Every structure is written in C-alpha cells, then in structure tokens.
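Architecture at a glance
In case you want the letters, here they are:
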Amino acid sequence: FSATLSSNGYQKLPSGLIIQWFPVSTVVFSNGFNTVNFPITFPNACIQTLISASLVSAGVFGAEPLSASQMRFTNSFDGLQNGFVIAIGY
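Every value quoted in this text rests on a predicted model; they were computed, and no experiment measured them.

Considering the overall build of the chain
If you tally the helices and strands in the chain, you get zero helices and eight strands. Taken over 90 residues, the chain has a buried fraction of 33%. Looking at the chain alone, contacts between residues at least 24 apart form 57% of all its contacts between residues at least 6 apart. In the structure as shown, the chain presents an accessible area of about 5,000 Å², 59% of it carried by carbon and sulfur atoms.

Quick look at the structure:
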C-alpha cells in the first residue's frame, strides 16, 4: 500500500481510506481564513481535518475541508501561526 512517511506524508489503506499529515506555517489574521492544499488530492473527498497549534503559536485553531484537494483554517490571533494537520478521506 502506498505511503510517504515524512513530515508531509500520507498512508493509503486497503479499504480506500487515506490519512494525510503535514505542517502549516502561515500568516492568518484574527478570525480570518487561510486555504492550504493537501500533499495529495483525495480521489473522492476529504471527510475530516484536524489541526493543532505548535508550541510557538498562541492561536486557537479550527479547520474544515473545502474540497478533495484543499482545506481552510482559522485561528484566534493575528500573525504567523504554526500548526500540524491530519486529514482523513477516501
């Protein structure tokens, strides 16, 4: 089963489920949204995205899938924000 085991990685499972993970580092304005691309496009859909802030970021993150290839996230503080994403789809 194909996989890329790196900081921008994914695992394709026999059922067709795909799990992706990757860091994000971008400027986000308070309660604004920023769009990022997944490392690989899901063949059908992304069903869930989870994001956590790194220790150097003070923001509270929220994330949602937009399409099979993109997600968007927001945070509660202005400025450079660093986080880590896990996305699940098929």
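Quick look at a nonpolar patch on the surface
A cluster of nonpolar side chains, contributed by Leu50, Phe84 and Ile86, occupies part of the molecular surface with about 240 Å² of accessible area. Tracing the sequence through the fold places isoleucine 86 in strand 8 (residues 79–89).

Regarding the pairing of strand 6 (residues 62–65)
Pairing of strand 6 with strand 7 (residues 70–74), which is carried by four bridges, proceeds in the antiparallel orientation. Paired with proline 65 across the two strands is methionine 71, which belongs to strand 7. In sequence, strand 6 turns back onto strand 7 through a hairpin of four residues.

Quick word on the sheet that holds strand 6
The sheet built from three strands is open, its strands ordered 4-7-6 with antiparallel pairing. In this open sheet, the two strands that pair with only one neighbour each are strand 4 (33–37) and strand 6. Across this sheet, the average inter-strand angle for adjacent strands is 25°, counted without regard to direction.

A word on the pattern of salt bridges
If charged atoms from side chains of opposite charge come close, those side chains can pair. Evaluated as defined, the whole model comprises one salt bridge. Where arginine 72 meets glutamate 64, a salt bridge forms, and the shortest distance between an N and an O atom there is 2.4 Å. Arginine 72 sits in the partly exposed class, given a relative accessible area of 27%.

A look at the nonpolar core
Grouped together as the largest cluster of nonpolar side chains are 15 residues, with contacts concentrated most on Phe22, Val24, Phe38, Phe42, Met71 and Phe73. Ranked by residue count, the leading element in this core is strand 3 (residues 18–28), at three residues.

What about the environment of isoleucine 19?
Topologically, isoleucine 19 is positioned in strand 3. Sequence separation of isoleucine 19 and phenylalanine 42 is 23 residues, and the distance between their C-alpha atoms is 9.5 Å. Beyond its immediate chain neighbours, meaning those up to four positions away, isoleucine 19 contacts Gly9, Tyr10, Gln11, Leu13, Ile86 and Ala87.

Cut-offs and rules
Residues numbered from 1 in each chain as written. Predicted model: local features only at pLDDT ≥ 70, side-chain atom pairs only at ≥ 80, totals over all residues. Heavy atoms only, no water. Helix = DSSP H or I, 4+ residues; strand = E, 2+ residues; numbered from the N terminus. Buried < 20%, exposed > 50% of the residue type's maximum accessible area, 1.4 Å probe, protein only. Contact = heavy atoms within 4.5 Å. Areas by Shrake-Rupley, 256 points an atom, 1.4 Å probe, with all protein chains shown as cover. Patch = residues over 30% accessible without salt bridge, like charges linked within 9 Å, V, L, I, M, F, W, Y side chains within 5 Å. Salt bridge = Lys/Arg side-chain N within 4 Å of Asp/Glu carboxyl O. Pairing = 2+ DSSP bridges. Axes fitted to C-alpha atoms, helices over the stretch in contact; angles between N-to-C directions. Core = buried A, V, L, I, M, F, W, Y, C linked by side-chain atoms within 4.5 Å.

Structural measurements only, silent on function.
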